[in-house]
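# Topology and contacts: notes
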Amino acid sequence: MANSKIDLRLLNYFLRTAEMKSISKAAEALNVAQPTLSKAIQQLEHQLQAQVFLRTAHGVTVTPIGERLLRHARLVSAQVSDAVEEVEAMRDGSAGQVRVGAGPSWVRRMLPEAVAAVLAERPGLQVSISGGFDERLLQGLEDGALDFVVAEKPLSGGERNYDYEPLTDDALIVIGRPEHPLAGRRNIAPKEVLAADWALPPQHTLARRKLDGRVISLGESPPTPLVDSNSQTFLLAFAQFHDVLLYTTRSVMRIPEGRDLVEIDVPELASSRAAGLIFRRPKLLTPAAAFVADILKAVCASEPIN
């Protein structure tokens, strides 16, 4: 039975010899001694247990079996060449796939601009964006499904599992529609605001945990939302049709979905929100992922609020 494994070096020698129809010319092109090439072809024929060349006074011609092998050798050569080019492109960051997890505010602002700049400079890259709230994104990071996450800074203790680089700051505030009974008033007491209807993200999200912590520190009970959703788009849209309060970043009122909402002035519930790049520890990024992260840093440097 023929050996099922063929040495790629021998296959390359065969391909070059078949194309040049001469062992001596092929040996010169391959920069090997003619006896070495002849021995290599004999070794290939031994592995295949079939003759691939007929020797003539003018050189060599390919046998019918050699013709079939030649077709495959050309395909293999092309595939190996493509693989080498792809690896080189991935090594220098000009190709490959980058998987980014993005918090709700990032899928609407800054990240789209950064990805557009990335692809304008390196069109060979593929960028995949997964939106969502922090807990699900961090799980994707831990599972290896994401290269990095851009979202709110993890709460104290998260630094044991992640590396974090700050990008932006913003304020967490209460917002609602202009027709809300509390809209337009100044310095509203938390107790009165907490008695209103709320629409909030799930309890495990950082914004919700910050609100609950703020309320508890004031000696009050956290609000039980009328509606909760892991879609910020839904919450913003719902708040335009119903008198509910949201707890989100001030910059949300700059995007189309939140442009018609207004801040409800409750100073004691306001909080800060730092956001940035979150990496799995140890931080090991492909050149392509590092390039995307660097472009996002540059975009945020010009407007560090999101």
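Structure shown above.
Residues take numbers from 1 onward in each chain, read along the sequence in its written order. The model is predicted, so local features are restricted to residues of pLDDT at least 70 and side-chain atom pairs to those at 80 or more, both for listing and for counting; the totals for chains, interfaces and linings are taken over all residues. Only heavy atoms go into the side-chain values, all of them from the structure, while hydrogens and water stay out.

## Some thoughts on the environment of Val244
Counting from the N terminus, the helices are the DSSP runs of H or I reaching at least four residues and the strands are the DSSP runs of E reaching at least two. Mapped onto the secondary structure, Val244 falls in the loop between α9 (232-239) and β9 (246-249). Residues Val244 and Leu125, spaced 119 residues apart in sequence, show a C-alpha to C-alpha distance of 42 Å. Contacts between residues were defined by any pair of non-hydrogen atoms, one from each residue, lying within 4.5 Å. Once residues within four sequence positions are removed from consideration, Val244 is found in contact with Ile175, Gly176, His180, Asp197, Trp198, Ala199, Leu226, Phe238 and Ala239.

## What about the packing of helix α5 (residues 111-121) against helix α10 (residues 287-301)?
Angles here are taken between N-to-C directions and fall from 0 to 180 degrees, while the axes themselves are lines fitted to C-alpha atoms, restricted in helices to the stretch in contact. Running from amino to carboxyl end, α5 crosses α10 at an angle of 125°, the nearest separation of the two axes being 9 Å. Accordingly, the angle class assigned to the pair α5 and α10 is oblique. Of the two possible hands of crossing, α5 and α10 adopt the one that is right-handed. Facing α5, whose interface residues are Leu111, Glu113, Ala114, Ala117, Val118 and Glu121, α10 presents Phe291, Val292, Ile295, Leu296 and Val299. Of the residues contributing to the contact of α5 with α10, the split by class is nine nonpolar, no polar and two charged. Note that the term roughly parallel is reserved for angles under 35 degrees, roughly antiparallel for angles over 145, roughly perpendicular for angles of 65 to 115, and oblique for everything else. Crossing handedness is defined as follows: a turn of the near helix away from the far one that is anticlockwise and smaller than a right angle gives a left-handed crossing, while the clockwise case is right-handed. In the scheme used here, Gly and all other residues not listed as nonpolar or charged are polar, with Ala, Val, Leu, Ile, Met, Phe, Trp, Tyr, Cys and Pro taken as nonpolar and Asp, Glu, Lys and Arg as charged.

## Some words on the pattern of salt bridges
We define a salt bridge as a contact between a side-chain nitrogen of Lys or Arg and a carboxyl oxygen of Asp or Glu at a distance within 4 Å. Under the defined criterion, the tally for this structure stands at 17 salt bridges. Between Asp163 and Arg281 there is a salt bridge, with the nearest N and O atoms lying 2.7 Å from each other. Separated by 118 residues along the polypeptide, Asp163 in strand β6 (residues 162-176) and Arg281 in the loop between β11 (271-280) and α10 bring together distant segments of the chain. Given the relative accessible area of 23%, Asp163 is considered partly exposed. Note on exposure labels: buried denotes an accessible area under 20% of the residue type's maximum, exposed denotes more than 50%, and partly exposed covers the range between, all computed with a 1.4 Å probe on protein chains only.

## Concerning unusual backbone geometry
Looking along the chain, the bond that leaves Arg281 and enters Pro282 is cis, with omega of 0°. Phi at Lys21 is positive, roughly 55°, even though this residue is not glycine. Note that Lys21 resides in the loop between α1 (8-20) and α2 (23-30). Assessed through its relative accessible area of 54%, Lys21 is described here as exposed. For Met110, which is not glycine, the phi torsion reads 70° and is therefore positive. Tracing the sequence through the fold places Met110 in the loop between β3 (96-102) and α5. The exposure class of Met110 is buried, given its relative accessible area of 7%.

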